[in-house]
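# Structural characterization, general
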Amino acid sequence: MHTTTSTNEALTPVAEGARVFRWHDHASLWFSLGVGLLVMQVGAYLMPALGTQEALLAIVAGSILGAGLLGWVAKLGCDSGLASAGLMHAVYGRQFAQLPIALNIVQLVGWGTFELVVMRDASVAIARQGGMLEGAAWPVAATLLWGGVVLLLISGSMVQLVRRVIARVALPLVVLSLLWLSWQFLVLAQEQGLADLWQRRGEGGMGVMAALDLVIAMPISWLPLVADYARHGQSGRGALRGAWAGYAVANIWCYALGVLVALTLPSQDLVTALLLAQGGLIALSLILIDEVDNAYGDAYSGAVSSHSLQPRWSVRRWGMLLAVLCTLLALVLPMHSLEPFLLLLSSVFVPLFGVILGRLAFGADAHALLQRAGRAHAAPIAIWLAGVALYHLLPQLAPALGSALPALALSFVLAWATRPRA
C-alpha cells in the first residue's frame, strides 16, 4: 500500500511549533558531519606539495570561509522554513528547479554510496588489525552492516536523531577520539622535531589558492543539504552561528590532523597510519561510528529532494529506498572510477548556490518568492550556467586561481545585481 501525503513537505515551511533546533543543536550536527575519514585523507593530500605553514593557512582560511557560506544558507533555510528544494523553486522557477533537484539526488546517492565504501574499507582494516579472520565475505558483510544501520536510522525521526543521539552520545565520543589521535601524533611530531616539521617547505605542484579550493570543497559540498536541517531551527541567527562554528572547527581539526599524520607517518593509506597510533584502533572505531551520520545525511536530504518531486511518497519512505539503493551500489560499483563523476556533479552546485545567496541573502522573502514563482526564471538560469562554465574553464585559463571561489563570486555578484527590485 502506497504512503500518501497531503502536502509537499519540502515546499512547505516547517511550522513554528516544530522548530526545535537551537544554536547548539546546529553546532552539534555540523561538527559531527564535518568529522570524517575522507576529510582527513584530503588533508593528507596537501602534503608534501605545500609547506606546513602554507597548508595550515589554507585550511584555516578555507574552513572559515566555506563554513560561513554553509551557515549563510542555513540562515536562509531557517528564516524561510524551506528545504533546499524549496529555495531552488523560489529562485529558478517551479519547472526548471526540477533539473538541479534531480542532479542533487544523483549526487547524494553517489556520495552516500561512497560513504558506505569508506566505512566498509575502514571496517575491514580494523578487523584485520584486530586479528579477525579475513575472507571475501568480509567486505560484503561490512557493506550490508553499515547499510542496515543507515536504513534503521532513516526509518526514525531526524530531529530526535540530532538531539538525542548525535548531540548526547556521538559528539562526546568523536571529540574524545580526535583529542586522543591529535595527542598521539603531536607526541610523534615532538619526537621527530616539531620545529623542523613546522618549518618544512613544500615540494611544489600545488599553490595556496588550489589548496584553498580543495579545503573549501568540503563545506561547499554540503550546501545542497544544509537547509533541509536548518529549517527546523528556532532562529536564523542561531542556525548561522551554529552551522558556521560547528563545521569550521571540525573541518580545521580534521584537515590539520590529516596534515599531521602525513608529516609524521607518511602512508598511502590514512586508515593504516591511524591504526598504528597507540589506541588508534579504538579511536578509529569511534570515528567510524560517527561516519554513519554522513551517509545518513546524504540519504535524508536525498529523500527530502525526492519527496519534493514526488510527494505521494513520504520523506521516510524515500529515505529507506535511497538507503537500500546506496547499499546495493556500494556492493557492485567500482567507486574509484566514480570520483571524477561525483566531483563533476559537485561543480554544478557551487554557482547554483551562489545565485541562491545573491537572490535571497539580503532580506528577500523566499517563501513569498516561491508562492509566485514562474515555470522558469531566465536570469538566474543564465547566471548559473555561466558560473558552471567559469568553474570548468579556469583550470585551463588560470589554474592558480582555483575554481570554486571565482565561480561562486561571479554567480553571487551577478545574481545580486540582477535581483528583482521591490
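Note on numbering: residues in each chain are counted from 1, in written sequence order. Note on the predicted model: pLDDT of at least 70 is required for a residue's local features to be given, and 80 or more for side-chain atom pairs to be given and counted; whole-chain, interface and lining totals, by contrast, use all residues. Values shown for side chains rest on all heavy atoms present in the structure; no hydrogens or waters enter the calculation.

## Let's talk about the overall build of the protein
Scanning the protein from terminus to terminus reveals 19 helices and 0 strands. Our radius of gyration is a C-alpha quantity, and the globule rule it is checked against amounts to 2.2 Å times the number of residues to the power 0.38. The C-alpha radius of gyration of the protein comes to 21 Å, within 12% of the 22 Å expected for a compact globule of 422 residues. Seen through its C-alpha atoms, the protein measures out along the principal axes to roughly 65 × 50 × 40 Å. Between buried and exposed lies partly exposed: a residue is buried under 20% and exposed over 50% of the maximum accessible area for its type, with that area taken using a 1.4 Å probe on protein chains only. For the protein, the residues scored as buried account for 54% of the 422 residues in total. Only DSSP runs of H or I with at least four residues qualify as helices, and only runs of E with at least two residues qualify as strands; both kinds are numbered from the N terminus onward.

## Observations concerning the pattern of salt bridges
Oppositely charged side chains are able to pair whenever their charged atoms sit close together. Salt bridge criterion: a side-chain nitrogen from Lys or Arg within 4 Å of a carboxyl oxygen from Asp or Glu. Counting across every chain of the model gives 3 salt bridges. Note that Arg-163 is salt-bridged to Asp-25, the shortest N-O span being 3.9 Å. A residue pair is termed long-range when its members are at least 10 positions apart, and Arg-163 in helix H7 (residues 158-192) and Asp-25 in helix H1 (residues 23-34) qualify at 138 residues. By relative accessible area, which is 31% here, Arg-163 ends up partly exposed. According to the relative accessible area criterion, Asp-25 is buried, its value standing at 3%. Residue Asp-121 is joined to Arg-120 by a salt bridge in which the shortest nitrogen-to-oxygen separation is 3.2 Å. Classification of Asp-121 as partly exposed rests on a relative accessible area of 41%. Judged by relative accessible area, which is 15%, Arg-120 ranks as buried.

## Let's talk about helix H10 (residues 223-230)
Of all 8 residues that make up H10, 8 are buried, and the element is covered over most of its length. Looking only at H10, the buried set comprises Leu-223, Pro-224, Leu-225, Val-226, Ala-227, Asp-228, Tyr-229 and Ala-230.

## Quick word on the nonpolar core
In this structure, Trp-30, Leu-46, Tyr-92, Leu-274 and Ile-356 are the most contacted members of the largest nonpolar core, which totals 135 residues. Contacts: residue pairs with any heavy atoms within 4.5 Å of one another. Ignoring any residue separated from it by four or fewer positions in sequence, one finds Leu-274 in contact with Leu-37, Met-40, Leu-181, Phe-185, Val-261, Gly-280 and Leu-284. Residues belong to one nonpolar core when they are buried, are Ala, Val, Leu, Ile, Met, Phe, Trp, Tyr or Cys, and are joined through side-chain atoms within 4.5 Å.

## Let's talk about the packing of helix H14 (residues 292-309) against helix H15 (residues 315-332)
What counts as an axis is a line fitted to C-alpha atoms, over the stretch in contact for a helix, and the angles between N-to-C directions run from 0 to 180 degrees. At a minimum axis separation of 8 Å, H14 and H15 run at an interaxial angle of 125 degrees. Comparing the axis directions of H14 and H15 gives the class oblique. The element H14 and its partner H15 pack so that their crossing is right-handed. Seen from H14, the contacting residues are Ala-299, Tyr-300, Gly-302, Ala-303, Val-304, Ser-306 and His-307; seen from H15, they are Val-315, Trp-318, Gly-319 and Leu-322. For the contact of H14 with H15, a count of residues per class yields 7 nonpolar, 4 polar and no charged. Orientation labels follow simple angle bins: below 35 degrees gives roughly parallel, above 145 gives roughly antiparallel, 65 to 115 gives roughly perpendicular, and whatever is left gives oblique. Crossing handedness is defined as follows: a turn of the near helix away from the far one that is anticlockwise and smaller than a right angle gives a left-handed crossing, while the clockwise case is right-handed. Under the scheme applied, nonpolar residues are Ala, Val, Leu, Ile, Met, Phe, Trp, Tyr, Cys and Pro; charged residues are Asp, Glu, Lys and Arg; polar residues are all the others, including Gly.

## A closer look at the packing of aromatic side chains
Aromatic rings from Phe, Tyr and Trp, with only the six-membered ring used for Trp, were paired whenever their centres fell within 6.5 Å, and each pair was classed as stacked if the ring planes differed by under 30 degrees, edge-to-face if by over 60, and tilted otherwise. According to the stated counting rule, one finds 14 aromatic pairs in the structure shown. Seen in terms of ring centroids, Tyr-229 and Tyr-300 are 5.3 Å apart; in terms of plane orientation they differ by 40 degrees. Their pairing is tilted. Residue Tyr-229 is located in helix H10, and its partner Tyr-300 is located in helix H14; the two are separated by 71 residues in the primary sequence. Classification of Tyr-229 by relative accessible area gives buried; the value is 2%. Aromatic side chains Tyr-296 and Tyr-300 sit 6.1 Å apart centroid to centroid with 15 degrees between the ring planes, which places their arrangement in the stacked category.

## Some thoughts on helix H11 (residues 236-264)
By definition here, a helix of n residues has an expected span of 1.5 Å times n minus one. In this model, H11 (29 residues) spans 42 Å end to end at C-alpha, consistent with the 42 Å of a helix rising 1.5 Å per residue. Of all the 29 residues making up H11, 21 are buried; the element is thus mostly covered by neighbouring parts of the structure. Backbone nitrogen of Arg-237 and a side-chain oxygen of the N-cap are separated by 3.3 Å at the start of H11; the cap is Ser-235. Identification of polar contacts relies on pairs of N or O atoms within 3.5 Å, with a donor-acceptor requirement for protein atoms, meaning one able to donate a hydrogen and the other able to accept it, and with residues adjacent in sequence counted only if both atoms are side-chain atoms.

## Digging into the environment of Gly-81
Summarising the element assignment, Gly-81 is placed in the loop between helix H3 (52-80) and helix H4 (84-92). Assessed through its relative accessible area of 0%, Gly-81 is described here as buried. On a C-alpha basis, the gap between Gly-81 and Tyr-300 in space is 17 Å, while along the polypeptide they are 219 residues apart. Setting aside its immediate chain neighbours within four residues, Gly-81 contacts Thr-12, Pro-13, Val-14, Arg-19 and Arg-231.

## Considerations on the environment of Met-88
Here Met-88 lies in helix H4. With 331 residues separating them in the primary sequence, Met-88 and Arg-419 have C-alpha atoms 15 Å apart. Residues contacting Met-88, with those up to four places away along its chain left out, are Gly-93, Ala-97, Pro-100, Ile-101, Leu-352, Phe-353 and Ile-356.

## Re a nonpolar patch on the surface
A cluster of nonpolar side chains, Val-140, Leu-144, Val-324, Leu-328, Leu-331, Val-332 and Leu-333, forms an exposed patch at the surface whose accessible area comes to about 570 Å². Secondary-structure elements contributing two or more residues to the nonpolar patch are helix H6 (137-154) and H15. With 4 residues, the single largest contributor to the nonpolar patch is H15. Overall, the relative accessible area of 48% leaves Leu-328 in the partly exposed class. Exposure above 30% relative accessible area and the absence of a salt bridge qualify a residue for a patch, where like charges join within 9 Å and nonpolar side chains (Val, Leu, Ile, Met, Phe, Trp, Tyr) within 5 Å. For the accessible areas, the method is Shrake-Rupley and the probe is 1.4 Å, while residue cover comes only from the protein chains on display.

## Examining the environment of Leu-29
Take Leu-29: it is sitting in helix H1. Put simply, Leu-29 and Ile-166 are 137 residues apart on the chain and 6.7 Å apart in space, counted from C-alpha to C-alpha.

## Some remarks on the confidence of the model for the protein
Note: pLDDT gives the predictor's confidence per residue, expressed from 0 to 100. Put simply, the protein has an average pLDDT of 87, and 95% of its residues get 70 or more. When the criterion is pLDDT under 50, residues 1-5 qualifies, and its contacts beyond four places in sequence or with other chains add up to 12 contacts.

## Structural notes on the side chain of Arg-359
Note that Arg-359 resides in helix H16 (residues 335-360). For the charge count, each Lys or Arg is scored as positive and each Asp or Glu as negative, with His and the chain ends excluded. At 14 Å, Asp-365 is the nearest oppositely charged side chain to Arg-359, a buried residue that forms no salt bridge. Polar contacts involving the side chain of Arg-359 include one to the main-chain carbonyl oxygen of Ala-415, which spans 3.0 Å. Excluding residues within four positions of it along the chain, Arg-359 makes contact with Val-91, Ala-364, Ala-379, Pro-380, Ala-415, Thr-418, Arg-419 and Pro-420.

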